[in-house]
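Report on the structure
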Amino acid sequence: RRFPFAHPDASHPVLDTHLLDGGPLLYVGSPHMRVTGLETPEAGRALLTMLLMHATSPAFTYFHSWDAGDVLIWDNTQTLHHSFPYNNDGTAKRELYRTQA
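Residues numbered from 1 in each chain as written. Predicted model: local features only at pLDDT ≥ 70, side-chain atom pairs only at ≥ 80, totals over all residues. Heavy atoms only, no water.

Brief notes about the overall build of the chain
A count of helical and extended segments in the chain gives one helix and two strands. Scanning the chain from its N terminus toward the C terminus, one meets helices and strands in the order β-β-α. For the chain, whose C-alpha radius of gyration is 17 Å, the value lies well above the compact-globule estimate of 13 Å for 101 residues. The dimensions of the chain, computed from C-alpha atoms along their principal axes, are 55 × 35 × 30 Å. Counting every position in the chain, which comprises 101 residues, the buried fraction comes to 13%. Residue pairs in contact within the chain that sit at least 24 positions apart in sequence constitute 33% of those at least 6 positions apart. When the accessible surface of the chain is split by element, carbon and sulfur atoms take 58% of a total near 9700 Å². (Helix = DSSP H or I, 4+ residues; strand = E, 2+ residues; numbered from the N terminus. Rg over C-alpha atoms; globule rule 2.2 N^0.38 Å. Buried < 20%, exposed > 50% of the residue type's maximum accessible area, 1.4 Å probe, protein only. Contact = heavy atoms within 4.5 Å. Areas by Shrake-Rupley, 256 points an atom, 1.4 Å probe, with all protein chains shown as cover.)

Digging into the side chain of H18
Counting through the fold element by element, H18 comes out in the loop between β1 (15-17) and β2 (24-26). Residue H18 is classed as buried on the basis of its relative accessible area, which comes to 7%. A polar side-chain atom of H18 sits 3.0 Å from the main-chain amide nitrogen of L20. One polar contact links H18 to D75, side chain to side chain, over a distance of 2.7 Å. Every residue in contact with H18, bar those within four places of it in the chain, is listed here: G23, L25, D75, T77 and Q78. (Polar contact = N/O pair within 3.5 Å; in protein donor to acceptor, adjacent residues only side chain to side chain.)

Remarks on helix α1 (residues 41-55)
Under the 1.5 Å per step criterion, the end-to-end length of α1 is 21 Å for 15 residues, consistent within 8% with the ideal 21 Å. Contacts made by the buried residues of α1 are with β2. (Expected span 1.5 Å × (residues − 1).)

Quick look at the environment of P13
Within the fold, P13 resides in the segment before β1. Residue class for P13 comes out partly exposed when judged on its relative accessible area of 40%. For the pair P13 and T77, spaced 64 residues apart in sequence, the C-alpha separation works out to 14 Å.

Now the structure itself:
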């Protein structure tokens, strides 16, 4: 269980500029996000829902079918992450190493 109240409030634009390549950066994905400056909270939620649906459409989605030895590298500032449940009878080992540069 997550406790969003245990983390300080953060404020940032929904649309920003990537610091390295200058391209657009869409910041959506957290169920705890709120949009300020619109007429109602519902209008903010509708905007976030529409942007998330666009960002997760097939044109912007990559699905990886894992094989032993696979390595994936991505720009964590521009990636929405999602995993799917998998069958494991206890013999499979899931191992992840994360590094940051």
